[in-house]
Amino acid sequence: MLDTPVTPTTSALPILRVSGLHKEFPSSNGMVEALRGVSITINKGEFICLLGASGCGKSTLLRIIAGFEKSTRGSVTVYGAEVDSPGPDRGMVFQDYALFPWLTVRDNISFGPRQRGVPTPTVVKETERFLDMVGLTSFADRYPHQLSGGMKQRVAIARVLANDTDILLMDEPFGALDALTRSKLQEELIAIWKATKLTVIFVTHSVEEAVLLADQIVVMTAGPGRIDCQIKVDLPRPRDVSSPEFNALRRDVTRRLTSHVSGGRSIAATADS
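Structural notes on the confidence of the model for the protein chain
- Taken as a whole, the protein chain shows an average pLDDT of 88; of its residues, 90% reach a score of 70 or greater.
- The low-confidence segment residues 1-11, where pLDDT is below 50, has 19 contacts with residues more than four positions distant or belonging to other chains.
- Throughout residues 262-273 the model reports pLDDT below 50, and contacts reaching past four residues in sequence, or to other chains, amount to 17 contacts.

Concerning the pattern of salt bridges
- Counting across every chain of the model gives 13 salt bridges.
- With a closest N to O distance of 2.6 Å, Arg250 and Glu208 form a salt bridge. Taken as a pair, Arg250 in helix α7 (residues 244-258) and Glu208 in helix α6 (residues 207-213) lie far apart in primary sequence, 42 residues in all.
- Because the salt bridges share partners, they merge into one network encompassing Arg106, Glu128 and Asp141.

What to know about α7
- Here α7 is 15 residues long and its end C-alpha atoms lie 21 Å apart, about the 21 Å a rise of 1.5 Å per residue gives.
- All of the buried residues in α7 are Phe246, Leu249, Val253, Thr254, Leu257 and Thr258. The buried residues of α7 occupy an angular sector of 155 degrees when the element is viewed end-on, so they sit on one face. Exposed positions of α7 whose direction lies more than 90 degrees from the buried face are Pro244 and Arg251.

Looking at the sheet that holds strand β6 (residues 90-93)
- The strand order across the open sheet formed by six strands is β6-β7-β8-β3-β9-β10, and the pairing between neighbours is mixed. Single-partner strands in this sheet number two, and they are β6 and β10 (227-232). Averaged over all pairs of adjacent strands, the angle between strand axes in this sheet comes to 15 degrees, irrespective of strand direction.
- The sheet contact formed by strand β3 (residues 47-51) and strand β8 (residues 199-204) spans five bridges and is parallel. By the bridge assignment for β8, Leu51 is matched with Thr204.

Focus: unusual backbone geometry
- For the bond from Arg237 to Pro238, the omega torsion is 0 degrees, close enough to zero to count as cis.
- Looking at the secondary structure, you find Pro238 in the loop between β10 and α7.
- Its identity is not glycine, yet Tyr97 carries a phi of approximately 75 degrees, on the positive side.
- Relative to the elements of secondary structure, Tyr97 occurs in the loop between β6 and α2 (105-115).
- Despite not being glycine, Ala98 shows a phi value in the positive range, around 55 degrees.
- Relative to the helices and strands, Ala98 resides in the loop between β6 and α2.

Some remarks on the pairing of strand β9 (residues 216-220)
- Of all five residues in β9, five are buried, a share of seventy percent or more.
- Alternating residues of β9 divide into Gln216, Val218 and Met220 and Ile217 and Val219, and every residue in both groups is buried.
- Alignment of β3 against β9, held across four bridges, turns out to be parallel. Directly across from Cys49, in β9, lies its bridge partner Ile217.

Some words on the packing of aromatic side chains
- A complete count under the given rule lists six aromatic pairs for this structure.
- Here the guanidinium or amino end of Arg159 rests over the ring plane of Phe100, the centre of that ring lying 5.4 Å away.

Some words on helix α4 (residues 149-162)
- The first and last C-alpha atoms of α4 sit 20 Å apart over 14 residues, in line with the 20 Å expected at 1.5 Å per residue.
- Within α4, twelve of the 14 residues are buried, leaving the element largely enclosed by the surrounding structure.
- The complete set of buried residues in α4 reads Gly150, Met151, Gln153, Arg154, Val155, Ala156, Ile157, Ala158, Arg159, Val160, Leu161 and Ala162.
- Close packing links the buried residues of α4 with β6, α2, α3 (120-133), β7 (167-171) and α5 (179-196).
- Among the residues trailing α4, Asp164 stands out with phi positive, at a value near 60 degrees.

Here's the deal with the side chain of Thr104
- Positionally, Thr104 belongs in the loop between β6 and α2.
- By relative accessible area, which is 9% here, Thr104 ends up buried.
- Excluding its chain neighbours within four sequence positions, the residues that come into contact with Thr104 are Ala140, Asp141, Arg142 and Tyr143.

Conventions we followed
- Residues numbered from 1 in each chain as written.
- Predicted model: local features only at pLDDT ≥ 70, side-chain atom pairs only at ≥ 80, totals over all residues.
- Heavy atoms only, no water.
- pLDDT = per-residue confidence, 0-100.
- Contact = heavy atoms within 4.5 Å.
- Salt bridge = Lys/Arg side-chain N within 4 Å of Asp/Glu carboxyl O.
- Helix = DSSP H or I, 4+ residues; strand = E, 2+ residues; numbered from the N terminus.
- Expected span 1.5 Å × (residues − 1).
- Buried < 20%, exposed > 50% of the residue type's maximum accessible area, 1.4 Å probe, protein only.
- Arc of directions from axis to C-beta.
- Pairing = 2+ DSSP bridges.
- Axes fitted to C-alpha atoms, helices over the stretch in contact; angles between N-to-C directions.
- Phe/Tyr/Trp six-rings, centres within 6.5 Å; stacked < 30°, edge-to-face > 60°.
- Lys NZ or Arg CZ within 6 Å of the ring centre and 35° of its normal.

Pasting the structure below:
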């Protein structure tokens with residue numbers, strides 16, 4: 001069980017606690033175990049990367065935290081309150097953007113606050129603030145089909161921020177982007193995280209991305225998903241991917257990730273190539 005806090009928190013409770021989580025799915029061959037006994041505690045303001053090979057259950061874990069799926073056993077709590085459905089305190093960013101194609105960039109970002117009944121002057125002010133934060137002010141009146149993949153992902157992030165969320169959940173959000181766009185958005189995400197002091201839980205199968213972004217890397221085993229280890233990343237920011245320290249940690253994380261994979265095949269190295 002890996003629930004030792006790494007950074008101090010001003011709250012008496014951690015922002016998120018996952019306790020003894022199990023998840024099983026029915027299939028034609030019987031029940032399939034996706035998660036087994038997952039426990040983790042996350043403090044406010046931490047940047048956590050869930051790292052593991054495809055099929056290890058990391059996206060399932062994220063969807064349970066979001067409230068989109070229910071666990072078979074175990075619990076998820078936010079500041080001590082049990083999660084049993086989606087809520088504005090947890091905002092999800094998907095790889096495929098999930099924008100409303102009939103709304104402009106500005107209207108996509110302002111949709112959530114308007115639905116919650118936030119006063120119009122506040123909605124307008126906050127929408128402009130987040131448009132500026134993600135560098136899309138000049139594209140505010142464009143529609144999603146008029147944007148690049150990187151721009152769409154910026155809109156998706158801004159839309160979550162506009163909902164005044166506490167926890168930003170990101171399911172391989174940069175996986176479909178080209179290398180240059182991905183690198184730029186990684187830099188921008190860190191800048192947004194520092195500015196907003198959000199708690200971020202970021203799913204990836206890239207070791208390099210995890211070492212670049214995270215305060216802590218949570219390594220998950222091949223299915224059924226379990227937490228193999230939790231690694232604190234002490235490297236100062238901004239991080240240099242060519243530095244000896246970065247690559248030493250990258251090698252260590254890769255070794256830990258692949259130590260439980262049959263045959264020792266370096267899934268992480270393949271994903272990063």
